[in-house]
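Okay, here's what each chain looks like letter by letter:
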Amino acid sequence: MNHIKRTERKLMYTGSMLSMYSDTIVTPDGNTAKWDYIEHSGAAAVVPVLEDGRILLVRQYRNALDQETLEIPAGGIEPGETPLECVTREIEEETGFIAGKMTHLMTVITAIGFCDEKIPIYVATDLKLSKQHLDEDEFIDVEEYTIDEIKDMIFSGKIIDAKTISGVLGYLNMEK
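Residues numbered from 1 in each chain as written. Predicted model: local features only at pLDDT ≥ 70, side-chain atom pairs only at ≥ 80, totals over all residues. Heavy atoms only, no water.

Colleague: Hey, could you go over the state of the cysteines for me, with residue numbers and the actual values?
Modeller: Taken as a whole and assessed by the stated rule, the structure comprises zero disulfides. The closest cysteine sulfur to the non-disulfide-bonded Cys86 is located on Cys115, 16 Å from its own sulfur. By relative accessible area, Cys86 is classed as buried at 0%. (Disulfide = S-S within 2.5 Å. Buried < 20%, exposed > 50% of the residue type's maximum accessible area, 1.4 Å probe, protein only.)

Here you go:
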């Protein structure tokens, strides 16, 4: 396969967690194209599994969709923080539980066509109740579901978040 070559990257916007660029690309046939590229600062997610096998999900409003969604807990990786440190912090902040054990499950790229956001997903077990520590702009409800209930919500379209679908189905496969 002939290679595509980027000849220019122009910063168009910088936000709190991403930067947007316009790239100039030379295609294998010699034509020039403009491609969008989003650089993401990084995130990590966790599948929190209670002792009885139920999984904790968080219900929160997502501005991009203008609706509430059910998701596994996740958050942005802060400067100097590892993905494991991020999910250890996020699980307590969002659910009010501390994980006794964290196991890396997989890493997903959320929007491979235009964004480099990479989300390592962990499984948290040996959960101990603590206290939620939500950010001032976070309003999150914590809900508990069986794996079968979550599978039904995934395949009926009630759960649409890619990291949640990947994490839960990956966890289900890990358990076999």
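Having seen the model, we can carry on.
Colleague: Any chance you could break down the pattern of salt bridges for me, citing the residues and the numbers?
Modeller: Evaluation of the coordinates by the stated rule reveals 12 salt bridges. Among the salt bridges present, the one from Glu71 reaches Arg62, with a minimum N-O distance of 2.7 Å. The exposure class of Arg62 is partly exposed, given its relative accessible area of 32%. Put simply, Asp148 and Lys151 hold a salt bridge, and the shortest N to O gap is 3.7 Å. Of this pair, Asp148 and Lys151 both sit in helix 2 (residues 147-155), three residues apart, which is roughly one turn of the helix. Since its relative accessible area comes to 26%, Lys151 is described here as partly exposed. (Salt bridge = Lys/Arg side-chain N within 4 Å of Asp/Glu carboxyl O. Helix = DSSP H or I, 4+ residues; strand = E, 2+ residues; numbered from the N terminus.)

Colleague: Give me the lowdown on the packing of helix 2 against helix 3 (residues 162-174), citing residues and values where you can.
Modeller: Remark: helix 2 packs on helix 3, axes separated minimally by 11 Å, with the N-to-C direction vectors making an angle of 135°. By the angle between their axes, helix 2 is oblique relative to helix 3. Remark: the crossing between helix 2 and helix 3 carries left-handed chirality. When helix 2 is examined against helix 3, the residues Ile147, Ile150, Lys151, Ile154 and Phe155 are found in contact with a partner set consisting of Ile165, Val168, Leu169, Tyr171 and Leu172. Counted by class, the contact of helix 2 with helix 3 contains nine nonpolar, no polar and one charged residues. (Axes fitted to C-alpha atoms, helices over the stretch in contact; angles between N-to-C directions. Parallel < 35°, antiparallel > 145°, perpendicular 65-115°, else oblique. Left-handed = near helix turned anticlockwise from the far one by under 90°. Contact = heavy atoms within 4.5 Å. Nonpolar A, V, L, I, M, F, W, Y, C, P; charged D, E, K, R; others polar.)

Colleague: Could you give me a rundown of the sheet that holds strand 2 (residues 18-26), with the residues and numbers involved?
Modeller: Across the sheet, three strands lie side by side as 1-2-3; this open sheet has antiparallel pairing. Whereas interior strands pair on both sides, the edge strands pair on one side only; in this sheet they are strand 1 (5-14) and strand 3 (32-40). Across this sheet, the average inter-strand angle for adjacent strands is 25°, counted without regard to direction. Where strand 2 meets strand 3, nine bridges bridge the pair, whose relative direction is antiparallel. By the bridge assignment for strand 3, Ser22 is matched with Asp36. (Pairing = 2+ DSSP bridges.)

Colleague: Describe the layout of surface pockets, and please don't skip the residues or the numbers.
Modeller: Each pocket or cavity is described by its volume, and for the largest pocket that value is around 1,300 Å³. Taken together, 37 residues form the lining of the largest pocket, with Met17, His40, Arg62, Glu71 and Glu117 sitting closest to its centre. Top element by residues in the lining of the largest pocket is helix 1 (residues 83-95). It accounts for four residues. Its residues placed into classes, the lining of the largest pocket shows 15 nonpolar, nine polar and 13 charged. (1 Å grid on protein atoms, 1.4 Å probe; cavity = no way out; pocket = protein on both sides within 12 Å on 5 of 7 lines; lining within 4 Å. Points joined across faces, edges and corners; volume = space filled by probe spheres on them.)

Colleague: Break down the side chain of Glu94 for me, citing the residues and quoting the values.
Modeller: Along the chain, Glu94 turns up in helix 1. Despite its burial, Glu94 remains without a salt bridge, the nearest opposite charge being carried by Arg62 at 6.2 Å. In terms of polar contacts, Glu94 uses its side chain to reach the backbone amide nitrogen of Ala74, at 3.4 Å. Apart from the residues within four sequence positions on either side, Glu94 is in contact with Val58, Pro73, Ala74, Gln132, Leu134, Glu138, Ile140 and Val142. (Lys, Arg positive; Asp, Glu negative; His and termini not counted. Polar contact = N/O pair within 3.5 Å; in protein donor to acceptor, adjacent residues only side chain to side chain.)

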